[in-house]
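Structural overview
So the chains spell out like this:
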Amino acid sequence: MAPRKPSELTVLSRRKSRLLGQITQIKNCLENVDSPLNQAGLKHKLASLSEIKGKIDALRNESYSVLSDEELPNFESSLDKMEEDADNLESHLRALKQLELEPNTSCESMLIFVITQRLDDESRKQYEMELHSNNLPRWDKFLDFLIKRSQALENLQRNYSLKNKNEYSPKFKSLVVKSEKRTCPLCSLEPHPIFKCKQFHDMSVQDRNNKVKSLNLCFNCLGHHLIKNCVKLNKKCKFCNANHNSLLCNTRKCTLTSSKRNQQKFSLYTEFIRGHS
């Protein structure tokens, strides 16, 4: 018994499937990041796509003459989809080819550029001095530079640490100085400034002046320095407007006494008014 001859639709569908498989293969090659296409590969795939598109056109023309009106619409629709995929692939391949770079080289160059922008100025300068041509830098050489530069910086840091092992760094010294809290030079009990000391307030104005002089304190701010080195000379005495602290002012006593006298007069006057009202 002779084998049954396949229908025209079956024959055309098989040819269409082979073309679809070739398109899918090219698409997979383009999407494979592990083995990107080089310039020769791009050129070969473009030629294959051009051949596939020619076969699609031939298949379409043949279908017009052998397929029935019921079979033709679905078959032609599938050919349209294949042709659209082929056009998209061709545009992507041509775009890559116009870059005139192999995809892996392009990615490496971009990665090198990003990393160099993160380097310090001296390291970037050292790397640029190692480039002896206008060719794109290679990743393996750039990686060697990073390793050598890292080792050099680590050795410098290690040597500096050994040299200054038993010394405070300037930053640490400043922190130590700032963290110290001076006790009161008068009572030596609490870490408060002398102008907040109760014992200092209980003293007479003359005794305060003598104590400030004996302790070599500033007559202006009562700090631990001479008045000529004081940075608060713009602050004047609130009683006489002179360059000394208000707690050391002799006018303070007269002012306070006068204020108390006026207060007493006001109290007597208030009591007198109440008694005659």
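Sequence order sets the numbering: in each chain, residues are counted from 1 along the sequence as written. Where totals are concerned, whole chains, interfaces and linings use all residues; where local detail is concerned, this predicted model gives features only for residues with pLDDT of at least 70, and gives and counts side-chain atom pairs only at 80 or more. Hydrogens and waters are ignored; side-chain quantities use all the structure's heavy atoms.

1. Looking at the state of the cysteines
Counted only if it meets this: Cysteine sulfur atoms that pair up within 2.5 Å are treated as a disulfide. To sort residues, take the accessible area from a 1.4 Å probe on protein chains only and compare it with the maximum for the residue type: under 20% means buried, over 50% means exposed, and anything in between is partly exposed.
Summed over the entire model, instances satisfying the criterion amount to zero disulfides. Not engaged in a disulfide, the cysteine C187 finds its nearest cysteine sulfur in C184; these two sulfurs lie 3.7 Å apart. Considering cysteine sulfurs only, C249 is the nearest to C237, which forms no disulfide, with 3.6 Å between them. Residue classification places C237 among the buried residues on the basis of a relative accessible area of 3%.

2. Some details on a nonpolar patch on the surface
To keep things clear, this is the line we draw: Every patch collects residues that have over 30% relative accessible area and no salt bridge, joining them within 9 Å if they carry like charges and within 5 Å if they are nonpolar side chains (Val, Leu, Ile, Met, Phe, Trp, Tyr). All accessible areas in this document rest on Shrake-Rupley with a 1.4 Å probe, and a residue is counted as covered only by the protein chains that are shown. When a carboxyl oxygen of Asp or Glu lies within 4 Å of a side-chain nitrogen of Lys or Arg, that pair is called a salt bridge. Secondary structure elements are taken from DSSP: a helix is a run of H or I of four residues or more, a strand is a run of E of two residues or more, and numbering for both begins at the N terminus.
On the surface, M110, F113 and V114 cluster together to form a nonpolar patch covering roughly 330 Å² of accessible area. Structurally, the position occupied by V114 is in helix 4 (residues 103-118). On the basis of relative accessibility, which here comes to 45%, the residue V114 falls in the partly exposed class.

3. Digging into the confidence of the model for the protein
Applicable threshold: In predicted models, pLDDT denotes the confidence assigned by the predictor to each residue on a 0 to 100 scale. Here, two residues are considered to be in contact whenever any of their heavy atoms come within 4.5 Å of each other.
When pLDDT is averaged along the protein, the result is 76, and 74% of the positions lie at 70 or above. Under a pLDDT of 50 for its full length, residues 171-180 has, in the predicted model, one contact with residues more than four places off or in other chains.

4. As for helix 9 (residues 205-214)
The condition is simple: This arc describes the spread of directions from the helix axis toward the C-beta atoms.
Every buried residue of helix 9 is listed here: V205, R208, N209 and V212. End-on, the buried residues of helix 9 take up no more than an arc of 100°, which puts them together on one face. The positive-phi residue at the C-terminal boundary of helix 9 is N216, with phi of around 55°.

5. What to know about helix 1 (residues 8-31)
Note the cut-off: In this scheme, a helix's expected span is set at 1.5 Å multiplied by one less than its residue total.
Compared with the 34 Å implied by 1.5 Å per residue over 24 residues, the 35 Å span of helix 1 between its first and last C-alpha is a close match. Along helix 1, the residues classified as buried are L12, K16, L19, I23 and I26.

6. A word on the layout of surface pockets
Rolled over the atoms, a probe sized like a water molecule indicates the empty space that remains. The following threshold applies: Both site types are read off a 1 Å grid over the protein atoms alone. A 1.4 Å probe that fits but cannot get out defines a cavity, while an open set with protein on both sides within 12 Å along at least five of seven lines defines a pocket; lining residues have an atom within 4 Å of a point. Grid points are joined across faces, edges and corners, and a volume is the space filled by probe spheres set on the points. Gly counts as polar in this scheme, as do all residues outside two lists: the nonpolar Ala, Val, Leu, Ile, Met, Phe, Trp, Tyr, Cys and Pro, and the charged Asp, Glu, Lys and Arg.
Empty space within the second largest pocket amounts to approximately 270 Å³. If you go around the second largest pocket, you meet 14 residues; those closest to its centre are F195, N220, C221, L222 and K232. Looking at the lining of the second largest pocket residue by residue, the class counts come to five nonpolar, six polar and three charged.

7. Describing the nonpolar core
We apply this condition: We define the nonpolar core as a collection of buried residues of types Ala, Val, Leu, Ile, Met, Phe, Trp, Tyr and Cys that are connected through side-chain atoms lying within 4.5 Å of one another.
Core analysis: the biggest nonpolar cluster contains 18 residues, and I23 and I56 have the highest contact counts within it. Contacts of I23, omitting those with residues within four sequence positions, involve I52, I56, M82, D85, A86 and L89. Membership of the second largest hydrophobic core comes to 12 residues, among which are C187, V212, L222 and L247.

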